[in-house]
Amino acid sequence: MSHDAAPHLDFAGTTPYEDYVQADVLTHLQHPLSDDPGEMVFLVTTQVMELWFTVVVHEWETATRALREDRVPVAIDALKRSVRELEALNASWRPLGQLTPAQFNSYRSALGEGSGFQSAMYRRMEFLLGEKSASMLVPHRGAPRVHTELEKALHEPSLYDEVLRLLARRGKAVPEAVLERDLSQRYEPSDAVEAVWAEVYADPDQDTELVRLGEALTDVGELVWRWRNDHLVATRRAMGSKAGTGGSAGVAWLEKRARKNVFPELWTARSHV
């Protein structure tokens, strides 16, 4: 084929690109409720966040399944991809992070009772991290499909649960109480699990599969922590310490979240290596 051949431009219906990407659907999903030009930025950025949540959930569910099947390299690959995706997700705060209170107020009323904590896909992310909470299903009672998906995720092992089960199968002393815990409850740190990670990390060979898995999880945990802190800073700039949208506690609630690490023993074990 000639290098200067023109691309095929004449299609009977929509283009193959459109059929695959559904760009026309995506670019017509924005319906601003105020006259403020900044609302479009807020709306699109939030929609982009939802798309990244969807990709990250896909990666973590892939990793969770792979760990269950003892395919650790597949799990590590999925976690590493999710790190790149979390970096892109976290960059989404940049368009919103410079809002002054007056700019945010100009379209904040368009949100009404809407709030990010009502995001079902973000809730799926949190559940996969072990941040389980049955009360967070309540906002979704009016959407049966979403509620069913979240209820299923609430009772399934989190990504970290599958990591701990893998460690137990590899002969590590993960307590039965941790392995048999009520999966619908938030994961609580364990001194014994901390000791397991300290043992893994003390291995003279720092290229073992378990060390590489631990580091991939730590990369994820670091970016989740950065996401929470960036959310906190953006909210502080836009609204100070006022109550959040949807009746949330706003900055006070975000500050509490930002102090917590996911996969907690991976962080505390480092003091004992």
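Quick caveat: nothing in here was measured; it's all calculated off a predicted structure. (Residues numbered from 1 in each chain as written. Predicted model: local features only at pLDDT ≥ 70, side-chain atom pairs only at ≥ 80, totals over all residues. Heavy atoms only, no water.)

## Topic: the overall build of the chain
The helix and strand inventory of the chain stands at 14 helices and zero strands. Starting at the N terminus, the α and β elements of the chain follow one another as α-α-α-α-α-α-α-α-α-α-α-α-α-α. Across its three principal directions, the C-alpha atoms of the chain cover 65 × 60 × 35 Å. Out of the 273 residues in the chain, the part that is buried amounts to 43%. Considering only contacts within the chain whose residues lie at least 6 apart along the sequence, 72% involve residues at least 24 apart. Just so you have it, the chain exposes about 14900 Å², and 56% of that area is on carbon and sulfur atoms. (Helix = DSSP H or I, 4+ residues; strand = E, 2+ residues; numbered from the N terminus. Buried < 20%, exposed > 50% of the residue type's maximum accessible area, 1.4 Å probe, protein only. Contact = heavy atoms within 4.5 Å. Areas by Shrake-Rupley, 256 points an atom, 1.4 Å probe, with all protein chains shown as cover.)

## A look at the packing of aromatic side chains
Each pair of aromatic rings is reported with the distance of its centres and the angle of its planes. Considering all chains together, one arrives at eight aromatic pairs under this definition. For the ring pair W93 and W227, a centre distance of 5.0 Å and an interplane angle of 45° mean the geometry is tilted. With W93 in helix 5 (residues 93-96) and W227 in helix 12 (residues 209-239), this pair connects stretches of sequence that are 134 residues apart. Across the pair, exposure class does not vary: W93 and W227 are buried alike. On the numbers, 5.2 Å between centres and 90° between planes, the contact of Y160 with Y187 is edge-to-face. Linking Y160 in helix 9 (residues 159-169) with Y187 in the loop between helix 10 (176-179) and helix 11 (191-201), this pair joins segments that are 27 residues apart in sequence. Since its relative accessible area comes to 1%, Y160 is described here as buried. Here the basic side chain of R270 rests over the ring of Y201, its NZ or CZ set 4.9 Å away from the ring centre. (Phe/Tyr/Trp six-rings, centres within 6.5 Å; stacked < 30°, edge-to-face > 60°. Lys NZ or Arg CZ within 6 Å of the ring centre and 35° of its normal.)

## Some remarks on helix 11
Among the residues of helix 11, V193, E194, V196, W197, A198, V200 and Y201 are the ones counted as buried. Packed against the buried residues of helix 11 are helix 9, helix 10, helix 12 and helix 14 (264-268). At the N-terminal end of helix 11, a side-chain oxygen is found 3.2 Å from the backbone nitrogen of A192, two or three residues along, and the residue is S190. (Polar contact = N/O pair within 3.5 Å; in protein donor to acceptor, adjacent residues only side chain to side chain.)

## Focus on the pattern of salt bridges
The final tally for this structure, using the stated rule, is 20 salt bridges. Across the salt bridge formed by E59 and R81, the nearest N and O atoms sit 3.0 Å from each other. Remark: R81 occurs in helix 4 (residues 72-91) and E59 occurs in helix 3 (residues 38-68); sequence separation between them is 22 residues. For R81, a relative accessible area of 39% translates into the label partly exposed. Salt-bridge contacts for E149 lead to R145; the nearest nitrogen and oxygen are separated by 3.1 Å. Within this pair, E149 and its partner R145 are both found in helix 8 (residues 144-155), separated by four residues, close to a single helical turn. Judged by its relative accessible area of 57%, R145 falls in the exposed class. Three or more residues are tied together by salt bridges with common partners; here these are E61, R124, R145 and E149. (Salt bridge = Lys/Arg side-chain N within 4 Å of Asp/Glu carboxyl O.)

## Some remarks on the layout of surface pockets
Estimated volume of the largest pocket: approximately 1200 Å³. What lines the largest pocket is a set of 41 residues, and nearest its centre among them are F42, T46, S115, G116 and F117. Those elements giving two or more residues to the lining of the largest pocket turn out to be helix 3, helix 5, helix 6 (101-108), helix 7 (120-128), helix 12 and helix 13 (251-258). It is helix 3 that provides the largest number of residues to the lining of the largest pocket, a total of eight residues. Within the lining of the largest pocket, the residues separate by chemical class into 21 nonpolar, 14 polar and six charged. In this structure, the second largest pocket encloses a volume near 280 Å³. (1 Å grid on protein atoms, 1.4 Å probe; cavity = no way out; pocket = protein on both sides within 12 Å on 5 of 7 lines; lining within 4 Å. Points joined across faces, edges and corners; volume = space filled by probe spheres on them. Nonpolar A, V, L, I, M, F, W, Y, C, P; charged D, E, K, R; others polar.)

## Structural notes on the nonpolar core
Counting residues in each nonpolar core, the largest one holds 58 residues, and the members touching the most others are W60 and W197. If one sorts the elements of this core by residue count, helix 12 sits on top with twelve residues. In this structure W60 touches L79, S82, L86, M125, L128, L129, L159, V220 and V224, once residues within four positions along its chain are discounted. In terms of nonpolar packing, the next biggest core, distinct from the first, is built from six residues, F127, L150, A153 and L154 among them. (Core = buried A, V, L, I, M, F, W, Y, C linked by side-chain atoms within 4.5 Å.)

## Side note on the packing of helix 3 against helix 12
At a minimum axis distance of 14 Å, the contact between helix 3 and helix 12 shows a crossing angle of 155°. Relative to helix 12, the element helix 3 is oriented roughly antiparallel. Considering only the axes of helix 3 and helix 12, their crossing is left-handed. Listed contacts from helix 12 to M49, F53, W60 and L67 of helix 3 are L213, V220, V224 and W227. Broken down by class, the residue content of the contact of helix 3 with helix 12 amounts to eight nonpolar, no polar and no charged. (Axes fitted to C-alpha atoms, helices over the stretch in contact; angles between N-to-C directions. Parallel < 35°, antiparallel > 145°, perpendicular 65-115°, else oblique. Left-handed = near helix turned anticlockwise from the far one by under 90°.)

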